[in-house]
Amino acid sequence: MVALSEPSPHNLTDQARPLDRRILARRLSVLLVGLLAIAVVVNLALGASDISLWGALGKFLSGEELTTLERVVLWDIRLPRIILCVLVGAALAVSGAVMQGLFRNPLADPGLVGVGAGAGLGAIISIVLGGLLPVGLQSLFGSYVTPVAAFVGGWGSTLVLYRVSTRGGRTSVATMLLAGIALGALAGAVSGILVYMADDQQLRDLTFWSMGSLAGATWEKSMIAGPVILLAIAGSTWLAHGLNCLALGEAAAAHMGIPVQRMKNAAIFSVAAATGVAVAATGGIGFVGIVVPHVLRLATGPDHGTLLPNAALLGGALLLGADLISRTIIAPAELPIGIVTAVLGAPVFLWILLKRRGLVDQ
Amino acid sequence: MTMHADHISLTIGKKQILDDVCFTARPGEVSAIVGPNGSGKSTLLKAMVGELPCDGKLTLNGRSLQGYKPWELSSLRGVLPQATTLAFPFTVLEVVRLGLAAGIDANHPDRPFEALARVDLDGYAGRLYQELSGGEQQRVQLARVLAQVGQPRRDGHPCWLFLDEPVSSLDIAHQLTVMDLAREFAQGGGGVIAVMHDLNLTAMYADHVHVMAAGHTAGAGPAAEVLTDARLSDVYGCPLRTGIVPPDVGVFVLPQTARA
Ligand SMILES: Nc1ncnc2c1ncn2[C@@H]1O[C@H](COP(=O)(O)OP(=O)(O)OP(=O)(O)O)[C@@H](O)[C@H]1O
Ligand SMILES: [Mg+2]
């Protein structure tokens, strides 16, 4: 917890002004930009192939020709992977923070409450049944079929979840988590049936996708995910004030001039868009959405105006770190990144529960 | 230029909670709503601020309530609920600033501190809201509302405070502080509508009293006319008498003594 200047009870005239946490948060943003930059450079430099980033950079700056290996490794493999990784990390962390603001609970996370599973189901449907679409539609959507289907799946499950767990403006946490389990199980079962129906080629696509790995990163994927995720993040910072007011309850937010219903719809839409695209690109990657906002709230407070941009930065940097581990720990093989984030994130989640049991028993 | 609720009826499920209630509050006055638990006071207040849909007509400053945009209302009217839970660990300053952003003088750096000073919470700005006592939390919420709607009049129109039991968990000194604030707001030309339980404070501060009983209006008018032995005994279901010191009562303390 950040130390705030202790208010002195005797100081009645000269109001002791506490340190504004917004200032702390802005300083933290600068730090996080630095951290992200370092992570990008490290991920560009390290990997299974033994090329020298500095050598290549020197050649590039002096106008010398890069070797094919250098170009392929740096430009075609590592760079798009880094970009996709930062985008997905930012999307997961920001969706987590928005969802927690919307559900008024720090345990709400798209991965945990079935939104990720819903998006995954959408993606699987598109892979297995995509061939049934009229050819015209197929060529219209092209590589967008899976992201769009994942978005629709994520959106549907968020709506169902919100309907089930929120009554009269109050979200029951227990209902939310249980409904999330049920939704996840349902999506998993349907996915299982579809996998059973899939042919060999589809099965290969599915396995690749469901590992939750960034190994399939391409420029094309980054270019599809990029605009959606950046828009969703930009849109959600616009929701920040509304989410802050929502912390006081829906009625209070409405009396403070927030168009609550519209704001909630926009929040659900942005969570579904960011989660859907992220899931379509990389499969399910858990715990980023819960750990990143939690750590930031501890450091600089729950104000969404600073929480959301900082979550994007830290989410990107954290996922780069996780990807580095996943690429190097058993090199030349790769560990799926979802395993790395689960190993790092699950204990943090348990720790949150241990410290704040009251969150669930309310 | 009043707050007027015309023939309000409200049912939740099958239960009729408000039955044909008419209520008028004028600017320049403190209007109190009193009545036993469950008589519909909070529900009436929620209906009047548009939180609960109801049958009947609501007008604020001569305009139908539906005609206002959310942001117009937020600079004209502040609402203090009976209870507030806060979902995240905001500091007192951050909570009060939320109210400020909703009002007209958004981002004025001194306003939150002034609002805190008015509810006697100097020096609390950096504390975490969730770590305050119940009465302190209630005063922070009032400061938030005052940061939102601090001026009794704006552009020639009266502003309004809707307060659901603003003093119920406060000590006697702070009850008086808060009721003084309400009276000051009214004297400045604004309107205050407060749900009250303490009949002594009501008699002391309210210009207009509206008595609720089982979802009906059981009387409305100036305190001296409405708070009668017969009506109070009937509404609360126990024999009550006003202005009488029973023999051999021992110690009693009236808030009136502090302002006599
Ligand atoms: N959401 C609801 N569903 C069903 N009944 C409700 C609901 N809200 C209130 N009621 C009922 O309406 C009646 C009036 O409630 P209200 O909260 O207005 O009482 P009140 O006069 O404010 O009481 P108190 O002095 O305890 O605050 C009560 O009988 C209550 O049980
Ligand atoms: Mg009440």
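Residues numbered from 1 in each chain as written. Chains lettered and ligands numbered in written order. Predicted model: local features only at pLDDT ≥ 70, side-chain atom pairs only at ≥ 80, totals over all residues. Heavy atoms only, no water.

1. Let's talk about the confidence of the model for chain B
All names here are of chain B. Definition in use: By definition, pLDDT measures how confident the predictor is in each residue, and it falls between 0 and 100. For the purposes of this entry, the term helix denotes a DSSP run of H or I that reaches at least four residues, the term strand denotes a run of E that reaches at least two, and both are numbered from the N terminus.
Taken residue by residue, chain B gives an average pLDDT of 91. The fraction at 70 or more is 98%. Looking at the elements of chain B, mean pLDDT is at its lowest for helix H10 (residues 256–259), recorded as 87, and at its highest for strand S10 (residues 191–195), recorded as 96. Here the predicted complex carries an ipTM of 0.91, next to a pTM of 0.88.

2. Let's talk about the environment of Gly101(A)
Residue and element names in this part refer to chain A. This is how the line gets drawn: Accessibility here uses a 1.4 Å probe with only protein chains present; expressed as a share of the type maximum, an area under 20% marks a residue as buried, one over 50% as exposed, and anything in between as partly exposed.
Structurally, Gly101 is set in helix H3 (residues 68–103). A residue is classified by how much of its surface remains accessible, and Gly101, at 1% relative accessible area, is buried. Taking C-alpha positions, Gly101 is 9.0 Å from Ala240, a pair spaced 139 residues apart along the chain.

3. Some words on the site of ligand 1
Residue and element names in this part refer to chain B. Rules: Put simply, a residue is near a molecule or strand once any heavy atom of it comes within 4 Å of that molecule or strand. In the analysis that follows, any N or O atom pair within 3.5 Å is treated as a polar contact, provided that within protein one partner can donate a hydrogen and the other can accept it, and provided that, for residues neighboring in sequence, both atoms belong to side chains. What sets the accessible areas is the Shrake-Rupley method with a 1.4 Å probe; for residues, cover comes only from the shown protein chains. Any residue outside Ala, Val, Leu, Ile, Met, Phe, Trp, Tyr, Cys, Pro, Asp, Glu, Lys and Arg is labelled polar, Gly included; the first ten of those are nonpolar and the last four are charged.
Around ligand 1 lies a shell of 14 residues, among which Lys15, Gly38, Lys41, Ser42 and Thr43 are the nearest. One nitrogen or oxygen atom from the main chain of Gly38 is found 2.9 Å from an oxygen atom belonging to ligand 1. Measuring from an oxygen atom of ligand 1, one finds a side-chain N or O atom of Lys41 at 2.7 Å. Relative to its unbound accessible surface of 630 Å², ligand 1 loses 62% to contact with the protein. Elements with a contribution of two residues or more to the shell around ligand 1: strand S2 (15–25) and helix H1 (41–48). When residues in the shell around ligand 1 are grouped by element, the largest group, three residues, is from H1. Residues of the shell around ligand 1, tallied by class, amount to three nonpolar, eight polar and three charged.

4. Some details on the sheet that holds strand S5 (residues 63–64) of chain B
All names here are of chain B. Let me state the cut-off plainly: Strands are labelled as partners when DSSP assigns at least two bridges between them.
Spatial strand order, S2-S1-S4-S5: four strands in an open sheet with antiparallel pairing. The two strands at the open ends of the sheet, each matched to only one other strand, are S2 and S5. Note that strand S1 (residues 3–12) and S2 share seven bridges and pair antiparallel. Within S2, the residue paired with Thr11 across the bridge is Gln16.

5. Here we look at helix H1 (residues 21–45) of chain A
To keep things clear, this is the line we draw: How far a helix is expected to stretch is found by multiplying one less than its residue total by 1.5 Å. Here, two residues are considered to be in contact whenever any of their heavy atoms come within 4.5 Å of each other.
Taking 1.5 Å per residue, 25 residues should reach 36 Å; H1(A) reaches 36 Å between its end C-alpha atoms and fits that length. Of all the positions in H1(A), only Arg21(A), Leu24(A), Ala25(A), Leu28(A), Ser29(A), Leu32(A), Leu36(A), Ala39(A), Asn43(A) and Leu44(A) are classed as buried. Packing partners of the buried residues in H1(A) comprise helix H2 (53–61), H3, helix H13 (288–300) and helix H14 (304–328) of chain A together with helix H3 (92–102) of chain B.

6. A word on the coordination of the magnesium ion (ligand 2)
Residue and element names in this part refer to chain B. Rules: Water is absent from the atoms considered, so a metal site may look incomplete; donors are defined as N, O and S atoms within 2.8 Å of the metal, or 3.2 Å for Na, K and Ca.
Within the first shell, the magnesium ion (ligand 2) binds the protein through Ser42 (OG) and Gln82 (OE1), at distances of 1.9 to 2.3 Å. Note that Ser42 is positioned in helix H1 and Gln82 in the loop between strand S6 (77–80) and H3, a separation of 40 residues in sequence. Given the relative accessible area of 18%, Ser42 is considered buried. Of the residues examined, Gln82 reaches a relative accessible area of 41% and is grouped as partly exposed.

7. Concerning the sheet that holds strand S11 (residues 208–213) of chain B
By way of backbone hydrogen bonds, the strands of a sheet pair with one another, either parallel or antiparallel. Residue and element names in this part refer to chain B. What counts here: To get an axis, fit a line to the C-alpha atoms, keeping to the stretch in contact for a helix; angles then go from 0 to 180 degrees between the N-to-C directions.
Taking strand neighbours across the sheet as the criterion, the six strands line up as S6-S9-S10-S3-S11-S12 in an open arrangement whose pairing is mixed. Each edge of the open sheet is held by one strand with a lone partner, namely S6 and strand S12 (216–221). Between one strand axis and the next, the sheet turns through 15° on average, direction left out of account. The sheet contacts of helix H6 (residues 172–187) involve strand S3 (30–34), strand S9 (160–164) and S10, and relative to S10 the element is tilted by about 150°.

8. Focus: the pairing of S3(B)
Residues and elements named next belong to chain B. For S3, the tally of buried residues reaches five of five residues, placing the bulk of the element in the interior. Burial of S3 is two-sided: the residues Val30, Ala32 and Val34 facing one way and the residues Ser31 and Ile33 facing the other way are all buried. Relative to S10, S3 runs parallel, the two sharing four bridges. Following the sheet pairing, Ser31 is matched in S10 by Ile193. With four bridges connecting them, S3 and S11 associate as parallel partners. In the sheet register, Ala32 faces S11, and the bridge partner there is Val209.

9. Looking at the interface of chain B and chain A
The criterion, for reference: Summed over both partners, the accessible area (1.4 Å probe) lost when two parts come together is defined as the buried area. We count a salt bridge whenever a side-chain nitrogen from Lys or Arg sits within 4 Å of a carboxyl oxygen from Asp or Glu.
The interface of chain B with chain A comprises 36 residues on the first partner and 29 residues on the second. Buried surface at the junction of chain B and chain A, both sides included, amounts to about 3,000 Å², of which 63% is carbon and sulfur. If you sort the residues of chain B by the area they bury against chain A, Phe88(B), Leu98(B) and Phe113(B) come out on top, with a joint share of 21%. Counting every contact that joins chain B to chain A gives two salt bridges. With a shortest N-O distance of 2.7 Å, Glu94(B) and Arg21(A) are connected by a salt bridge. The tally of links from chain B across to chain A stands at eight residue pairs in polar contact (both at pLDDT 80 or more). Of all elements in the fold, only helix H2 (70–76), S6, H3, helix H4 (111–118) and helix H5 (134–148) of chain B reach the threshold of two or more residues within the side of chain B that touches chain A. It is H3(B) that provides the largest number of residues to the side of chain B that touches chain A, a total of seven residues. By residue class, the composition of the side of chain B that touches chain A is 19 nonpolar, nine polar and eight charged.

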